[in-house]
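# Residue-level structure breakdown
If you want the building blocks of each chain, they are given just below.
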Amino acid sequence: MLPMPSEGTILGGHLVVIGLSHWSVPGEVRERFWIGESRLFPALATLSGSPGIEEVVILATCNRTEFILWASDPSVATGGVRAYLEREHGLTQSDWEHFYRLEAAAAVEHVFRVAARLASMVVGEPEITGQVKTAWARAQQAEATGRFLDAVFQKALSVSKRVRNETAIGASAVSVPYAAVELARQIFGSLDQSKVLVLGAGKMSELSARYLLKKGARAVWVANRTFENAQQLADKLGGIAIRFEDRWQHLAEADIVISSTGCPHVLIGREDAERIHRQRHGRPVFLIDIAVPRDIDPAVREVPGVFLYDIDDLERVVARNLDERRAAAEDAALLVTREVRAFLPRLEAERVVPTLVALRRRLEEIHQKELKRYRAELGSLSETEEQAIEKFASRLLGRIATQLAGELKQAPGEPEQEQLTAAVRRLFGLRVGPRGEQNVVASVQRAALAGGD
């Protein structure tokens, strides 16, 4: 199970994560609550207008669906998410028991861990960081985020970048197809302009070919006993389908051969490899046999210039790399924990900023109202007298505002701060809406909250 983040609170507002993932439920449950692109914006609009929810981001991937909220009331906000799921996805009580809810510091640490690739099914897989960034961007498009979630996600992605640059969490391949590609790069150096022949149209072959194309391969041929299946895979890869019986003429041209046919007998023997080697005039060829039973005779390894790796070889590479990645994940987790501890006080202190903005507005209203009444009582004043009165009033109210701001920002996270903030709002009759003060808080303040990264 995913280790639970540390306890903590953020007074005056709460980060809340409600969701389910591969850690908590099987795929058939997750897919019922997956929120695709067509449902995303209506969901954001519905939830951002729900009681208790000030800001919302929805992260929906094949492995997780999470509602990341800035909530004025976590219980009410949770009820809003549950009501949405009941209405739109048929949520039942037994379904709801699969969902986890994290609050405050635990929620911050969870978001950071997800963005940093520490909470993935395969620790260190790179796709999740892009998915987090896209989820945040979609929420911004829907105007469902504000200063707090923007700060959380900005910082989470900054931490993810540090993890990527300062640890080896993503440096080694931990899937069989990707391990095959990494071995090919070791043999050829660059895969640019390399030609690939795929024998068989299974999922492992497809993934391997996709990784090779991503790393620079320029041509893919696909051969399968059922030509229609070869055509379908070739179309997906932007390659060319060939008849299975025509594979030999392409074997000599291919730099990399991926074989996964499920054929009951060997397709490429030692004599075949020797013939291919002669036709290639000494240029190396890399054979990837991920079939069970094997498609390629192990004796092929004895032919100079022919490099063969089968499923056992690749799984040994993956196992070794997993050990290395687990060690790197420990370093990454320590880095994330340090960043969370440094970020929480800033987030807690900034919770009072909307109150301070509203307070300064109210004091300015009082300032202008009292000046107007004072002028009416005194009659006409000289320019010097006007300036003196204006200066005195501005200094007096400025001193009051500065004193109150200093008190409100003291001891972030302590109960006294929350109590004083509530008292100031009540005494001055301040109304601070969910996102009502965003426009008056400069973007540079949001960057400062996120640590300036």
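Keep in mind that this is a model prediction, so the values were computed, not measured.

## Examining the overall build of the chain
Each helix and strand in the chain was counted, giving 17 helices and 10 strands. Put simply, the chain has 453 residues, and 49% of those count as buried. Taking the contacts inside the chain whose residues are at least 6 apart along the sequence as the reference set, 74% of them involve residues at least 24 apart.

## Some words on the side chain of D295
Its location among the elements puts D295 in the loop between β9 (285-289) and β10 (306-310). Of the side chains bearing the opposite charge, R225 lies closest to the buried D295, which forms no salt bridge; the N-O distance is 7.7 Å. Polar contacts involving the side chain of D295 include one to the side chain of S259, which spans 2.7 Å. Every residue in contact with D295, bar those within four places of it in the chain, is listed here: S259, S260, T261, G262, C263, V266, L267, I268 and D289.

## Focus: the pairing of strand β6 (residues 219-224)
Of all 6 residues making up β6, 6 are buried, and the element is well covered by its neighbours. Here β6 shows two buried faces, one formed by A219, W221 and A223 and the other by V220, V222 and N224. The parallel pair strand β5 (residues 195-199) and β6, bridged by helix α9 (residues 203-214), forms a crossover whose chirality is right-handed. The parallel pair β6 and strand β7 (residues 240-243), bridged by helix α10 (residues 227-237), forms a crossover whose chirality is right-handed.

## Focus on unusual backbone geometry
Of note in the backbone geometry, Q193 takes a positive phi value of approximately 70° without being a glycine. Topologically, Q193 is positioned in the loop between α8 (176-188) and β5. With a relative accessible area of 52%, Q193 lands in the exposed category. Despite not being glycine, H281 shows a phi value in the positive range, around 55°. Within the element layout of this structure, H281 appears in the loop between α12 (270-279) and β9. Residue H281 is classed as exposed on the basis of its relative accessible area of 72%.

## Structural notes on the sheet that holds β10
The 6 strands lie next to each other as β7-β6-β5-β8-β9-β10, forming an open sheet whose pairing is parallel. Pairing within the sheet leaves two strands with one partner each, and these edge strands are β7 and β10. Neighbour-to-neighbour, the strand axes of the sheet open up by a mean angle of 20°, direction not taken into account. Bridging between β5 and β6 involves 5 bridges; their strand directions are parallel. Across the sheet, residue V198 finds its bridge partner in β6, namely V222. Set on the sheet, α8 makes contact with β8 (256-259), β9 and β10; between it and β9 the angle comes to about 165°.

Thresholds, definitions, all that
- Residues numbered from 1 in each chain as written.
- Predicted model: local features only at pLDDT ≥ 70, side-chain atom pairs only at ≥ 80, totals over all residues.
- Heavy atoms only, no water.
- Helix = DSSP H or I, 4+ residues; strand = E, 2+ residues; numbered from the N terminus.
- Buried < 20%, exposed > 50% of the residue type's maximum accessible area, 1.4 Å probe, protein only.
- Contact = heavy atoms within 4.5 Å.
- Lys, Arg positive; Asp, Glu negative; His and termini not counted.
- Salt bridge = Lys/Arg side-chain N within 4 Å of Asp/Glu carboxyl O.
- Polar contact = N/O pair within 3.5 Å; in protein donor to acceptor, adjacent residues only side chain to side chain.
- Right-handed = clockwise from strand over helix to strand, strands pointing away.
- Pairing = 2+ DSSP bridges.
- Axes fitted to C-alpha atoms, helices over the stretch in contact; angles between N-to-C directions.

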